[in-house]
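Read off the chains here:
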Amino acid sequence: MDNAAPFSSTDSQQSLKILFAASEAQPLIKTGGLADVAGSLPPTLRHMNHDIRLILPAYPEVVERAIPLKEAATLYLAGHTEPVRLLSGMLFGHLPLYLVDAPELFGRPGNPYVGPDGHDWPDNAQRFALFCRAVVAVALNQADQHWQPDIIHCNDWQTGLVPPLLHHEGNRPATLFTIHNLAYQGLFDQAIFQQLQLPSELWSHEGLEFHDKLSFIKGGLAFADRLNTVSPTYADEICTSEFGYGLEGLLRHRQNRLSGILNGIDYHYWNPAADPYIHQHFDHNTFELKQINKQQLQQEMGLPQNKKAFLLGYVGRLVEQKGIDLVLELLPKLARIENIQVVLLGSGMAHFEEALSDASERYLDNIAIHIGYNEQLAHRIEAGSDCFLMPSRFEPCGLNQLYSLRYGTVPIVRHTGGLADTVVDVTAQSLLDGSATGFVFDHPTAPALWEAIERAIEFYHRPESWWQKLAVTGMQQDFSWPSSATQYVELYREAILNPIPNPVR
Ligand code: ADP
């Protein structure tokens with residue numbers, strides 16, 4: 001039986017009905033880049049006149065920030081004894097928002113995925129299975145909303161059960177599954193599969209089974225009408241054994257429905273000419289004013305006020321993915337060079353946090369570390385640094401290099417994923433044709449990173465105008481959302497017009 005997609009027009013101007021499902025969204029709750037995307041792509045699509053609605057779990061912070069809310073429906077969902085409330089509200093005054101309110105599962109403050117002990121909540125499978133079922137209810141117009149979307153845009157493993165749960169439904173919307181990071185897969189014991197009361201036929205190699213475990217992400221990868229990742233290079237990389245975590249075979253099998261779209265960034269929130277969190281506003285015409293932000297950052301972080309210092313910044317999760325161990329290895333070497341300063345902001349694995357704190361105590365004159373999550377300081381580091389370190393082992397898209405470019409902070413990045421797609425290495429040729437925006441290195445090793453840092457230092461000491469040209473070229477790149485949002489609309493249409501056929505029942 002073929003799928004009867006509710007939307008059948010090829011009219012590229014027609015407004016689409018889109019349900020955007022995510023486990024975090026700025027400014028309601030954020031742990032990483034997914035929240036930036038979920039907080040900026042839907043409003044952009046709304047501005048483009050699409051009927052898009054956002055659905056999230058009703059974590060306490062989210063409820064508090066989204067007030068006023070009203071009760072939109074009561075849902076009775078399989079695998080869950082209590083009725084679940086669907087709340088509705090409005091984000092930014094124009095973006096309809098649904099919150100799935102199951103207090104026994106989501107009524108916990110703090111990080112949406114891990115408890116205060118730093119470990120995953122033990123009932124994450126139940127929490128996000130319930131979330132998926134609520135999304136499915138809205139998708140099938142079973143939530144008293146008198147609204148059926150043309151497409152469900154699912155994001156990461158927390159929404160991975162939506163495509164398989166919809167797969168057998170005759171009148172289902174199309175599905176797009178976006179992989180923001182393949183490293184996080186939602187893997188659980190087989191016994192959980194039974195507890196969740198999922199359709200038994202889903203327990204197979206073609207379904208949700210992955211090496212005897214239940215894999216939420218496999219649901220999205222195997223059953224969505226279209227798949228995408230957040231950069232073209234990462235879309236290729238995950239089809240290889242180096243980046244595919246054993247899922248590369250499935251991804252290669254689906255490669256004709258897999259593509260990459262770079263994330264945009266919010267140009268209002270990350271705007272050096274109007275950023276409320278930084279001391280001195282500047283733009284590409286007043287680049288020299290950026291220096292004032294450097295002095296302020298030195299003062300804030302307790303570093304010597306040294307105009308000549310070359311300041312390297314880092315903001316990010318302290319995990320191996322980000323190559324923070326490579327930075328750590330180089331800190332003693334960096335600390336020995338005159339006029340070099342390093343400012344790091346991050347939180348994550350305890351051993352990295354401790355090692356960084358030790359280093360900052362040892363090298364008081366050169367290295368300043370802030371352990372924790374601090375949105376405003378992140379802006380000031382972007383504004384005050386000369387270079388930004390991003391030596392990631394893999395990077396699906398990466399946002400900080402985009403913020404850096406926007407703030408005239410020259411990125412030093414590894415050639416992987418979205419970093420490879422957004423930063424142009426300084427070479428004789430790229431300097432000649434004016435395309436150079438940063439320093440790119442290949443191997444995930446400390447010597448390779450060191451070589452890139454040395455190149456940056458050397459370039460910084462050439463005539464000042466050279467550095468300014470490099471930084472200003474970065475500031476003039478366009479990584480705003482509208483161009484990426486237009487590509488998403490194309491992908492939505494492809495998924496709607498060419499869904500995978502329903503299985504024969
Ligand atoms: P990922 O999603 O893998 O963490 P991204 O570069 O895509 O990496 O996005 C990370 C986002 O989280 C950026 O907006 C970054 O500024 C922010 N961020 C990460 N760690 C911190 C921190 N300690 N303080 C403030 N912002 C942070």
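Above this text sits the structure in question.
Residues numbered from 1 in each chain as written. Predicted model: local features only at pLDDT ≥ 70, side-chain atom pairs only at ≥ 80, totals over all residues. Heavy atoms only, no water.

(A) Structural view of helix H11 (residues 324–336). Along its 13 residues, H11 runs 19 Å from first to last C-alpha, staying within 8% of the 18 Å computed at 1.5 Å per residue. The sharpest bend along H11 comes to roughly 40°, located at Leu 330, with the proline Pro 332 sitting one to four residues further on. Burial in H11 covers these residues: Ile 324, Asp 325, Leu 326, Val 327, Leu 328, Leu 330, Leu 331, Leu 334 and Ala 335. Contact partners of the buried residues in H11: strand E13 (310–318), strand E14 (340–348), helix H12 (350–362), strand E15 (367–371), strand E16 (387–390) and helix H17 (446–460). (Helix = DSSP H or I, 4+ residues; strand = E, 2+ residues; numbered from the N terminus. Expected span 1.5 Å × (residues − 1). Bend = angle between axes of the 7 residues up to and from the residue. Buried < 20%, exposed > 50% of the residue type's maximum accessible area, 1.4 Å probe, protein only. Contact = heavy atoms within 4.5 Å.)

(B) A look at the sheet that holds E13. Taking strand neighbours across the sheet as the criterion, the 6 strands line up as E15-E14-E13-E16-E17-E18 in an open arrangement whose pairing is parallel. Of all strands in the sheet, those bounded by a partner on one side alone are E15 and strand E18 (439–441). Taking the axes of each pair of neighbouring strands and ignoring which way they run, one obtains an average angle of 15° across the sheet. The sheet strands contacting helix H13 (residues 375–384) are E13, E14, E15 and E16, and the helix crosses E13 at an angle near 145°. Contacts from H17 reach E13, E14, E16, strand E17 (410–414) and E18, with the element oriented near 160° to E18. (Pairing = 2+ DSSP bridges. Axes fitted to C-alpha atoms, helices over the stretch in contact; angles between N-to-C directions.)

(C) Local environment of the site of the ligand. Close to the ligand lie 19 residues; Lys 30, Gly 33, Arg 317, Lys 322 and Gly 372 are nearest. In this structure, Asn 374 approaches the ligand through a main-chain N or O atom, which is 3.0 Å from a nitrogen atom. One of the side-chain nitrogen or oxygen atoms of Asn 400 is found 3.1 Å away from an oxygen atom of the ligand. Contact with the protein chains hides 93% of the accessible area of the ligand, taken as 560 Å² for the molecule alone. For the shell around the ligand, the secondary-structure elements that each account for two or more residues are helix H1 (33–47), E13, E14, H13 and helix H14 (400–406). When grouped by side-chain class, the residues that make up the shell around the ligand number 6 nonpolar, 8 polar and 5 charged. When we break the shell around the ligand down by domain, the ones giving at least three residues each are domain 1 (17–264 + 482–497) and domain 2 (287–479). (Near = heavy atom within 4 Å. Polar contact = N/O pair within 3.5 Å; in protein donor to acceptor, adjacent residues only side chain to side chain. Areas by Shrake-Rupley, 256 points an atom, 1.4 Å probe, with all protein chains shown as cover. Nonpolar A, V, L, I, M, F, W, Y, C, P; charged D, E, K, R; others polar. Domains from an automatic or database assignment.)

(D) Structural detail: empty space enclosed by the protein. For the structure shown, the criterion picks out 2 cavities of 30 Å³ or more. Reported here for the largest cavity is a volume of approximately 40 Å³. Tyr 314, Val 315, Gly 316, Lys 322, Met 390, Ser 392, Glu 395 and Asn 400 together form the lining of the largest cavity. Ranked by residue count, the leading element in the lining of the largest cavity is E13, at 3 residues. (1 Å grid on protein atoms, 1.4 Å probe; cavity = no way out; pocket = protein on both sides within 12 Å on 5 of 7 lines; lining within 4 Å. Points joined across faces, edges and corners; volume = space filled by probe spheres on them.)

(E) Just the pattern of salt bridges, in detail. Under the counting rule described, the total for this entry stands at 16 salt bridges. Residues Glu 494 and Arg 226 are paired through a salt bridge, measuring 2.7 Å at the closest nitrogen-oxygen approach. Here Glu 494 is found in helix H19 (residues 481–497), whereas its partner Arg 226 is found in strand E11 (residues 226–229), with 268 residues between them in sequence. A relative accessible area of 12% places Arg 226 in the buried class. The salt bridge involving Asp 325 is made with Arg 393; its shortest N-O contact spans 2.8 Å. You can see Asp 325 sitting in helix H11 and its partner Arg 393 sitting in the loop between E16 and H14, a full 68 residues away along the chain. (Salt bridge = Lys/Arg side-chain N within 4 Å of Asp/Glu carboxyl O.)

(F) Structural detail: the environment of Gly 220. Take Gly 220: it is sitting in helix H7 (residues 216–223). Since its relative accessible area comes to 0%, Gly 220 is described here as buried. Residues Gly 220 and Trp 157 lie 63 residues apart in sequence; the distance between their C-alpha atoms is 7.4 Å. The residues contacting Gly 220, other than those within four sequence positions of it, are Gly 160, Pro 163, Phe 177, Leu 227 and Arg 254.

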